[in-house]
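Geometric and topological summary
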Amino acid sequence: MDVQCVLEGCQSEVLRGLCGSIPEAHCFTVVFRGPRRGLDLACSSEAEARHWIRGLRRLQERAQTMSQRDKLEHWIYGYLRRADADKDNTMSFKEVKSLLRMINIEVTELYARQLFKQCDRSGNDRLENSEIEEFCRRLTRRPELEALFCRCSGEDCVLSDEELLEFLREQGEEATLSQAREIIQEYELNDTAKQQRLMMLDGFLMYLLSKEGDVFNPAHATVYQDMSQPLSHYFISSSHNTYLLQDQLGGPSSTEAYLRALSRGCRCVELDCWEGPNGEPIVYHGHTLTSRILFREVIEVVRDYAFKASPYPLILSLENHCGREQQVVMARHLRSILGETLLTKSPGSKGTRSLPSPEELKGRILIKGKKLSGSDSSSSSSDSSSSSSEEEEGSGEGGGTRTKNKNKKKDSVKVSPVPVNGSKPRCSSSLAPELSDLVVLCRSVRFHGFDHASQQPANEMSSFSEGKARRLIRDFGNSFVRHNARQLSRIYPSGLRAHSSNYSPQEMWNAGCQIVALNFQTPGEAMALNQGRFLQNGRCGYTLKPAFLRSADSIFDPEHPTRGQGYQAKTLTVTVISAQQLPKLNPERPNSIVDPLVRVELHGVPADNARAETPHINNNGFNPRWNHTLVFDVGVPELALVRFVVEDHDTTSSNDFVGQFTLPFTSLRQGYRHIHLLSADGAPISPASLFVHIKVSELSRSQSV
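For clarity, every value in this text was computed on a predicted model and none was experimentally measured.

Remarks on the overall build of the protein chain
- Each helix and strand counted, the protein chain has 20 helices and 26 strands in total.
- Projected onto the principal axes, the alpha-carbon positions of the protein chain cover approximately 90 × 75 × 55 Å.
- Sequence-distant contacts, at least 24 apart, represent 71% of the contacts inside the protein chain between residues at least 6 apart.
- Per element, the accessible surface of the protein chain, about 30,200 Å² overall, is 48% carbon and sulfur.
- The positive charge centre, built from 84 side chains, and the negative charge centre, built from 87, are 5 Å apart in the protein chain.

Considerations on helix H11 (residues 201–209)
- Counting buried residues in H11 gives seven out of nine residues, a clear majority hidden from the surface.
- Restricting attention to buried positions, one finds in H11 the residues Gly203, Phe204, Leu205, Met206, Tyr207, Leu208 and Leu209.

Considering the pattern of salt bridges
- Counted by the stated rule, this structure contains 34 salt bridges.
- With a shortest N-O distance of 2.7 Å, Arg142 and Glu144 are connected by a salt bridge. Across this residue pair, the class does not change: Arg142 and Glu144 are buried.
- The structure contains a network of salt bridges with shared partners spanning Glu525, Arg599, Glu601, Arg611, Arg643 and Glu647.

Details of the environment of Ser465
- Mapped onto the secondary structure, Ser465 falls in strand S15 (residues 460–465).
- Residue class for Ser465 comes out buried when judged on its relative accessible area of 0%.
- For the pair Ser465 and Ile491, spaced 26 residues apart in sequence, the C-alpha to C-alpha distance is 5.7 Å.

Topic: the side chain of Thr242
- With respect to the secondary-structure elements, Thr242 resides in the loop between strand S8 (234–239) and helix H12 (255–263).
- According to the relative accessible area criterion, Thr242 is buried, its value standing at 4%.
- One polar contact links the side chain of Thr242 to the main-chain amide nitrogen of Glu270, over a distance of 2.8 Å.
- Aside from chain neighbours lying at most four places away, what touches Thr242 is Ala257, Tyr258, Ala261, Val269 and Glu270.

Re the sheet that holds strand S3 (residues 39–42)
- Strand order in the open sheet formed by three strands is S1-S2-S3, with antiparallel pairing between adjacent strands. One side of each edge strand has no neighbouring strand; the edge strands of this open sheet are strand S1 (3–8) and S3. Going across the sheet, the axis of each strand differs from the next one's by a mean of 20°, ignoring polarity.
- Contacting S1 and strand S2 (27–32), H12 crosses the sheet at an angle of about 125° to S1.

Topic: unusual backbone geometry
- Here the residue pair Ser686 and Pro687 is connected by a cis peptide bond, since its omega of 0° sits within 30 degrees of zero.
- Residue placement: Pro687 occurs in strand S26 (residues 684–698).
- Positive phi, close to 55°, is recorded for Arg539, a residue that is not glycine.
- Its location among the elements puts Arg539 in the loop between helix H19 (525–533) and strand S18 (542–544).

With respect to the packing of helix H8 (residues 161–170) against helix H9 (residues 177–187)
- Running from N to C, H8 and H9 point in directions that differ by 105°, and their axes come no closer than 9 Å. Overall, the two elements H8 and H9 adopt an arrangement that is roughly perpendicular. Residues Asp161, Glu162, Leu164, Leu165 and Leu168 of H8 touch H9, and the partners they reach there are Leu177, Ala180, Arg181, Ile183 and Ile184.
- Its residues placed into classes, the contact of H8 with H9 shows seven nonpolar, no polar and three charged.

Some thoughts on the nonpolar core
- Ranked by internal contacts, the top residues of the largest apolar core, which has 65 residues, are Tyr258, Leu271, Phe295, Leu316, Leu318, Leu334 and Phe480.
- Beyond its immediate stretch of four places on either side in the chain, Phe295 contacts Leu271, Cys273, Pro281, Ile282, Val283, Leu318, Met330, His333 and Leu334.
- The next biggest cluster of nonpolar side chains, apart from the first, holds 34 residues, and it includes Val594, Ile617, Trp626 and Leu630.

Description of the packing of helix H3 (residues 68–83) against helix H4 (residues 93–102)
- For the pair H3 and H4, the least separation of the axes is 9 Å and the interaxial angle reads 135°. Relative to H4, H3 is oriented oblique. The way H3 lies across H4 gives a crossing that is right-handed. Each of Tyr79, Leu80, Arg82 and Ala83 in H3 lies in contact with H4, whose residues at this interface are Glu95, Leu99 and Met102.

So, the state of the cysteines
- All chains considered together, the criterion is met by zero disulfides.
- The thiol of Cys43 is not disulfide-bonded; the next cysteine sulfur, from Cys27, is found 7.9 Å away.
- In this structure Cys157 is a free cysteine whose sulfur lies 3.6 Å from that of Cys150, the closest cysteine sulfur available.

Rules and cut-offs
Residues numbered from 1 in each chain as written. Predicted model: local features only at pLDDT ≥ 70, side-chain atom pairs only at ≥ 80, totals over all residues. Heavy atoms only, no water. Helix = DSSP H or I, 4+ residues; strand = E, 2+ residues; numbered from the N terminus. Contact = heavy atoms within 4.5 Å. Areas by Shrake-Rupley, 256 points an atom, 1.4 Å probe, with all protein chains shown as cover. Lys, Arg positive; Asp, Glu negative; His and termini not counted. Charge placed at Lys NZ, Arg CZ, Asp CG, Glu CD. Buried < 20%, exposed > 50% of the residue type's maximum accessible area, 1.4 Å probe, protein only. Salt bridge = Lys/Arg side-chain N within 4 Å of Asp/Glu carboxyl O. Polar contact = N/O pair within 3.5 Å; in protein donor to acceptor, adjacent residues only side chain to side chain. Pairing = 2+ DSSP bridges. Axes fitted to C-alpha atoms, helices over the stretch in contact; angles between N-to-C directions. Parallel < 35°, antiparallel > 145°, perpendicular 65-115°, else oblique. Nonpolar A, V, L, I, M, F, W, Y, C, P; charged D, E, K, R; others polar. Core = buried A, V, L, I, M, F, W, Y, C linked by side-chain atoms within 4.5 Å. Left-handed = near helix turned anticlockwise from the far one by under 90°. Disulfide = S-S within 2.5 Å.

Here is the structure:
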């Protein structure tokens, strides 16, 4: 189900514009995953609207609680209905062949005829009722799982509780006999077998398809990390140009984009604030054709959805291009709309050398922006100007000496504000005290070198373009790591990325950068890595950095990881066994069948980056089997992400994307596991999955260096 949520009343831009002409209680908006815009609906009565909202939410709940077997049955019977051309609830041989093409499998005429005849027990050349069920059972057989089950269960092909315990321990799990019995009670379908503490093949399949058979460690699906350390000790899920639904030249701006980002666990969102008409600040990408939304409406969405997906602090990164009068309006909206959730003074008594923790800041909203120095009410210094445009990186390099940068910056261009309705351009150095006062823990300053920064309070932070961050990592890697142990760093995409493409966040995480801002509206590898990084720790948007990135005395250098802490060499062995029910890429072309291959990618420090793939299999996206083994050496596993990608092989052009799944190396589970695939924008593709075997072994330093 592609519905992300249902909004009651006039919460979208369209419905807000109609508010007053249509009763608000008659309206609702369906918000979808991915690029599709929300669907605004108005009913004839409040009762009708309630009926629709209740029904859609029940369907959502049902979809979220379905087992993998339920999803498979729902999927296959959906195609059966489509293949039943004459709608007589039976299947002719012609309809069966059409079904096979629909579900992404090409078989010979002889095989299809044999399968049909085996199920047509009535001999009337049509499959009915139980015959259709038999056909589906034969079609969804898993020979590779049957072989595994027989190996574990012995000649009787029934798994006892003790045999299941042995299998669990082979999987690398610290299981007990009572836990094995609980698994039988949970997943075995046959009541008699349950009573005798036995597991049949169908129950074994149910178990392996469940979250307990998943490649991702279910213990990491809740908040399991220490949340009492300073903010600077965490990677923070962060969005760039959050207001955009498409590209940054002419795409639409929408409050819906904030809702989507917050629903995905994002904990730092950006607001580009400009002078608006009627004294109301607006949010949009300045000097472009992107549409404009009211600052006030963005803050209302933030109020309503800030803590739906995560209880931990949300950072509002203000890029302020407004004059003093509208800055005062911004401050007033922030205070009146956000109320007590808005942080206006620093909690605790840690002083200026350390930031508070996510636990201390639970349920609070932080403002990132410029702040006046001392008692100044207006300052002409760069650090106190109202403009928070992405120029905070300054000209300082890694050391303590300020070096003049003679080369013009190419990653970002500072621009003057656009006059609105003939108004005069404002003075860019004028910062309103009312807005300045709201900046408590995230004070934006120019970067003047690591030595200079180390003498400043911990609540000062700088922003770096991706290009500047790369240069600092390359030339001063260890200094950047130490800096990020105490202070926050924000990384943003190059201004040349006009179509809102993304850079790789991994290289920034390698240096401990916390706020690695990405274009959430642009699907692809970078966003897959971001989703994988924050998959753990309950998807709360905060992930504790490895210990070697949290120490001010760290000797870790991401460019030379073997020199210090963090180097714990391991070998990852992945056997790609099979795939199940891969999506058809072009449903409008019934004869187009996927030729799948699987690529496994390792993303980490530069020395660990690697990828390898299986051969492709012709004309089978339904149940392809590879049994192909790929081996990787991993030097710094605590930083590594593992990405599984399925593509449709093409001999004449680049391969087409089918599905993917990304997770932290430290969240991998060993043994026979299923990987439930996601679309390019991170939505589940039920019931598509991979079946793999994972093994992680130690690699001695002499072997790896």
